[in-house]
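Working through the structure, step by step
The primary structure of each chain is shown beneath.
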Amino acid sequence: MPNAVITGTGHYLPPRIVLNKELEQSCDTSDEWIQERTGILQRHFIAPGQTTSELGLFAALEALEAAGKKPADLDYIIFATLSPDVLFPGCGCLLQSRLGVENIPALDIRNQCSGFLYGLQVANALIRSEAARTVLLVGAEVHSTGLDLSPNGREVSVLFGDGAGAVVLEAGPQGRGIIRVEVGADGRHARDLWCEGPGSAEHPERITAQMLLDGRQYPKMKGRLVFRHAVQTMKSSLLGVLDAAGVSVGDLALLIPHQANLRIIEMVTRMLDMPPERVATNIQLVGNTTAGSIPILLDQSRRAGRLNEGDWLAMTAFGSGFTWGSAVIKW
Ligand code: ACO
């Protein structure tokens, strides 16, 4: 049975940088509050007209180049996002068309901050079962067009940024690549971090003038509750997957945690007794890019020379749903 090996990575961040100072003007927040509570200094926002599938395209082209592959070599596309260009069809189909490839399957994953890890599990299963040999997995978000940048939305809006990351996975030898991926969900908490509209649960239309007035088109979050669950679940999910893979925390050359809040990452790092220099972060410069978070940081870490062949790498994420996931990879 082949193993799924990551053979190329790429990312794209739109050029416009939004400093905390800029949010102060509309959000009734402060640079000091954002830095102290989240670690974030800045994030990237798209230029008018840019879309999630376009960000995904730029990241995908970089990943394909790094893998020495052309779009025509792909036989499966998986696209994780909570902010698709349109309600349907999914960004996977839009990306397939942008890449100029035809007929290969294009699957969208809607698992928010855990979307990349859910995608990794699907890609791994496709390759191991020999249903696919070369899979493109993209995680991308455009949050900036969906944030309440008034004081009402300040708890959520200061956290998020736009961006995309991508990986190419190929069939490879046993003992290398994705060794173990585990994901989970607890739908009892669906309403603790969610965005209601537009949605088919609304009558008579999916979005009404009243919904817009009430701000129900914006994400809502019980911040402290999410924080508590994120710390505990990332820790237990990661320890579970390491145990199943027979790898210890001390074996890890690098941990790539989902970038939701620097304080969450620091608490998880301390609880695992992990040296901070072996935990990658970029939330300071990009904020929370949700499904894009892990693949962007993976690409930045690889290009910075932080991963060598044979290293043990782990990833962990937690987010809306609630959903979570962790992976162990032999680089
Ligand atoms: N600027 C200034 N003040 C603010 C802001 C802001 N942007 N946001 C909240 N405050 C105020 C609150 O109103 C509150 O004021 P009060 O004490 O007068 O009532 C005070 O700051 C403290 O608020 P808390 O909610 O206790 O702040 P906390 O330290 O918990 O930080 C935060 C809030 C950053 C949202 C944190 O709870 C968090 O990071 N939660 C988890 C986020 C997360 O992991 N999300 C999951 C991934 S997202 C996804 O899946 C899509």
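Procedures and definitions
- Within every chain, residues take consecutive numbers counted from 1 along the sequence as written.
- Local features in this predicted model are restricted to residues of pLDDT 70 or higher, and side-chain atom pairs are both shown and tallied only at a pLDDT of 80 or more, whereas totals for entire chains, interfaces and linings draw on every residue.
- Each side-chain value is derived from all of the structure's non-hydrogen atoms; neither hydrogens nor water enter the calculation.
- An automatic or database domain assignment supplies the start and end points of every domain.
- Throughout, a residue-residue contact means that at least one pair of heavy atoms, one from each residue, lies within 4.5 Å.
- Computed with a 1.4 Å rolling probe, the buried area is the accessible surface lost when two parts are put together, summed over both parts.
- We treat two strands as partners when DSSP finds at least two bridges between them.
- A run of DSSP states H or I qualifies as a helix once it reaches four residues; a run of E qualifies as a strand once it reaches two. Both are numbered from the N-terminal end.
- Where helices are involved, their axes are fitted lines through C-alpha atoms of the stretch in contact, as for all axes, and angles between N-to-C directions lie from 0 to 180°.
- Any two of the Phe, Tyr and Trp rings considered here, Trp counted by its six-membered ring, make a pair once their centres fall within 6.5 Å; the pair's planes then place it as stacked at under 30 degrees, edge-to-face at over 60, or tilted in between.
- Being near a molecule or strand, for a residue, comes down to having at least one heavy atom within 4 Å of it.
- Any pair of nitrogen or oxygen atoms within 3.5 Å is treated as a polar contact; in protein, a donor-acceptor pairing is required on top of that, and neighbouring residues in sequence qualify only through side-chain atoms on both sides.
- Note on areas: Shrake-Rupley with a 1.4 Å probe; residue coverage comes only from the protein chains shown.
- All residues other than Ala, Val, Leu, Ile, Met, Phe, Trp, Tyr, Cys, Pro, Asp, Glu, Lys and Arg, Gly among them, are scored as polar; the first ten of these are nonpolar and the last four charged.
- Exposure categories follow from relative accessible area, calculated using a 1.4 Å probe and restricted to protein chains: below 20% of the type maximum is buried, above 50% is exposed, and the middle band is partly exposed.
- Lys and Arg are tallied as positive, Asp and Glu as negative. Neither His nor the chain termini are counted.
- Each reported salt bridge corresponds to a side-chain nitrogen of Lys or Arg within 4 Å of a carboxyl oxygen of Asp or Glu.

Turning our attention to the domain arrangement of the protein chain. You'll often see interface size given as the accessible area lost when the parts meet. Parsing the protein chain into structural domains produces domain 1 (3-175) and domain 2 (179-193 + 219-330). Here the C-alpha centre of domain 2 lies 16 Å away from the C-alpha centre of domain 1. On the side of domain 2, 47 residues touch domain 1, which itself brings 48 residues to the contact. Buried area between domain 1 and domain 2, both sides added, is near 3,500 Å², and the carbon and sulfur share of it is 63%.

Read across the open sheet, the five strands follow the order β1-β7-β6-β4-β5; overall the sheet is mixed. Only two strands of the sheet have a single partner each, and these edge strands are β1 (3-12) and β5 (106-109). The sheet shows a mean angle of 20 degrees between the axes of neighbouring strands, direction not considered. One ladder, built from four bridges, connects strand β4 (residues 76-80) with β5; its direction is parallel. Bridge pairing links I77 to A106 in β5.

Turning our attention to the packing of aromatic side chains. By the definition in use, this model includes three aromatic pairs. A connected cluster of aromatic rings, assembled from ring pairs, spans F318, F322 and W324.

Right, let's talk about the sheet that holds strand β11 (residues 252-257) for a bit. Think of a sheet as strands paired side by side through backbone hydrogen bonds, with each pair either parallel or antiparallel. Spatial strand order, β8-β13-β12-β11: four strands in an open sheet with mixed pairing. Each having just a single partner strand, β8 (177-185) and β11 make up the two edges of the open sheet. Adjacent strand axes in the sheet meet at a mean angle of 10 degrees when their direction is disregarded.

In the vicinity of the ligand there are 24 residues, among which T29, R37, C113, R224 and N261 approach most closely. Within the contact set of the ligand, an oxygen atom lies 3.2 Å away from a side-chain nitrogen or oxygen of W33. A distance of 3.3 Å is found between an oxygen atom of the ligand and a side-chain nitrogen or oxygen belonging to R263. Protein coverage of the free-state accessible area of the ligand, which is 1,000 Å², stands at 79%. Only α2 (31-38), α6 (154-157), α8 (223-245) and α9 (262-272) provide two or more residues apiece to the shell around the ligand. Top contributing element to the shell around the ligand by residue count: α8, with four residues. Looking at the shell around the ligand residue by residue, the class counts come to 11 nonpolar, eight polar and five charged. Each of domain 1 (3-175) and domain 2 (179-193 + 219-330) gives at least three residues to the shell around the ligand.

With that out of the way, let us pick up the side chain of E141. Checked against the element boundaries, E141 lands in strand β6 (residues 134-141). Buried charged residue E141 carries no salt bridge. Nearest counter-charge: R110, at 8.9 Å. At 3.0 Å, the side chain of E141 forms a polar contact with the backbone nitrogen of L82. Within the structure, E141 has its side chain in polar contact with the side chain of S83 (distance 2.6 Å). Residues contacting E141, with those up to four places away along its chain left out, are T52, L55, T81, L82, S83, D162, G163, T289, T290, A291 and G292.

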